[in-house]
Amino acid sequence: CLEHPDLFKLQLRAILRSSAFGNVKILFPLISSLQELRKAKSVVQEVMDELVCEGIAFDKNIKIGIMIEVPSAVILADLFAKEVDFFSFGTNDLIQYTLAIDRNNEKVAHLFSPADPAIIRSLKMVIKVAEEHNIKVGICGEMGGQIEYTILLLGLGLKEFSVAPAMIIPEVKKIIRSVTFEKTQEIADTVCSFDDAEKTTKYLRDIARKIIPEIF
């Protein structure tokens, strides 16, 4: 987008114009540095200034967020939190880039796991930063729709889920309604003590199986 500012501005213009008619947010993907974020935000401001000059309505307080999907965004989360309104985990890319695993390479694809301790620690770290800076954090990607991880994510403090497959939504809701928040925290604490992805996966699936046995 930054290499093609004309196209980028056209897209932002459309988003901003639509914000006059409903609840719209801007979410930047694959942000890896503050410089990238600030440059993107400056382009947003340019488009806003143009719309003001043209007398075109838009939400001047539109929320801007970033995807957390590369290791540098996790490490710099406290700095990003001062410059955005919300975070959203892109778990597919976060797992791939954190573990240096190409899911399309059959020799290493089996190592791609949301249960890897490095991923769970990354999620916990960013959620804590978001809470400290009073900004929202959500999740998208396959992990958010895998019900064995729902309780873990709740226990880590995640409250917003983006779930693509419609057939999974009832199961996720059932999981959420079947446990107390205190229980999810206990489970998350237990998982954070594990150092093995396979052990974590088995532990979480055993819990989910008791709630929705037909899924497993």
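Residues numbered from 1 in each chain as written. Predicted model: local features only at pLDDT ≥ 70, side-chain atom pairs only at ≥ 80, totals over all residues. Heavy atoms only, no water.

### Some points on the pattern of salt bridges
- A complete count under the given rule lists 11 salt bridges for this structure.
- For glutamate 83, the salt bridge is made with lysine 41, and the minimal N-O distance between the two is 3.7 Å. With glutamate 83 in the loop between helix 4 (77–80) and strand 3 (86–90) and lysine 41 in helix 2 (residues 34–54), this pair connects stretches of sequence that are 42 residues apart.
- The class of lysine 41 is partly exposed, set by a relative accessible area of 26%.
- As a salt-bridge pair, lysine 183 and glutamate 186 come within 3.7 Å of each other at their nearest N and O atoms. Of this pair, lysine 183 and glutamate 186 both sit in helix 10 (residues 181–192), separated by three residues, roughly a single helical turn.
- Classification of lysine 183 as partly exposed rests on a relative accessible area of 41%. (Salt bridge = Lys/Arg side-chain N within 4 Å of Asp/Glu carboxyl O. Helix = DSSP H or I, 4+ residues; strand = E, 2+ residues; numbered from the N terminus. Buried < 20%, exposed > 50% of the residue type's maximum accessible area, 1.4 Å probe, protein only.)

### A few points about the packing of helix 5 (residues 91–99) against helix 6 (residues 117–132)
- Two elements in contact, helix 5 and helix 6, have axes separated by 10 Å at closest approach and are oriented at 125 degrees. Taken as axis vectors, helix 5 and helix 6 run oblique relative to one another. Along this stretch, helix 5 crosses helix 6, giving a crossing that reads as right-handed. Across the interface between the two elements, Leu94, Ile95, Thr98 and Leu99 from helix 5 touch Ala118, Ile119 and Leu123 from helix 6.
- The residue inventory of the contact of helix 5 with helix 6, partitioned by class, reads six nonpolar, one polar and no charged. (Axes fitted to C-alpha atoms, helices over the stretch in contact; angles between N-to-C directions. Parallel < 35°, antiparallel > 145°, perpendicular 65-115°, else oblique. Left-handed = near helix turned anticlockwise from the far one by under 90°. Contact = heavy atoms within 4.5 Å. Nonpolar A, V, L, I, M, F, W, Y, C, P; charged D, E, K, R; others polar.)

### What about the pairing of strand 3?
- Burial analysis of strand 3 places five of its five residues in the buried class, the great majority of the element.
- Neither face of strand 3 is left uncovered, since the one carrying Phe86, Ser88 and Gly90 and the one carrying Phe87 and Phe89 both have all their residues buried.
- Looking at chain direction, strand 2 (residues 63–68) and strand 3 are connected through four bridges and run parallel. Pairing of glycine 65 across the sheet is with phenylalanine 86, part of strand 3.
- Examined bridge by bridge, strand 3 and strand 4 (residues 136–140) share five bridges and lie parallel to one another. The partner of phenylalanine 87 across the bridge, within strand 4, is valine 137. (Pairing = 2+ DSSP bridges.)

### With respect to the pairing of strand 1 (residues 25–28)
- Here strand 1 shows one buried face, formed by Ile26 and Phe28, and one open face, formed by Lys25 and Leu27.
- Handedness of the strand 1-helix 2-strand 2 crossover: right-handed. (Right-handed = clockwise from strand over helix to strand, strands pointing away.)

### Observations regarding the sheet that holds strand 5 (residues 160–161)
- In space, the five strands of this open sheet follow the order 1-2-3-4-5, with parallel pairing throughout. At either end of the open sheet lies a strand with only one pairing partner, and these are strand 1 and strand 5.
- Sheet analysis places strand 1 next to strand 2, joined by four bridges and oriented parallel. Residue pairing in the sheet places lysine 25 in a bridge with lysine 63 of strand 2.
- This element, helix 2, spans strand 1 and strand 2 of the sheet and lies at about 145 degrees to strand 1.
- In the packing of helix 6 onto the sheet, contacts are made with strand 2, strand 3 and strand 4, and the angle to strand 3 comes to roughly 170 degrees.

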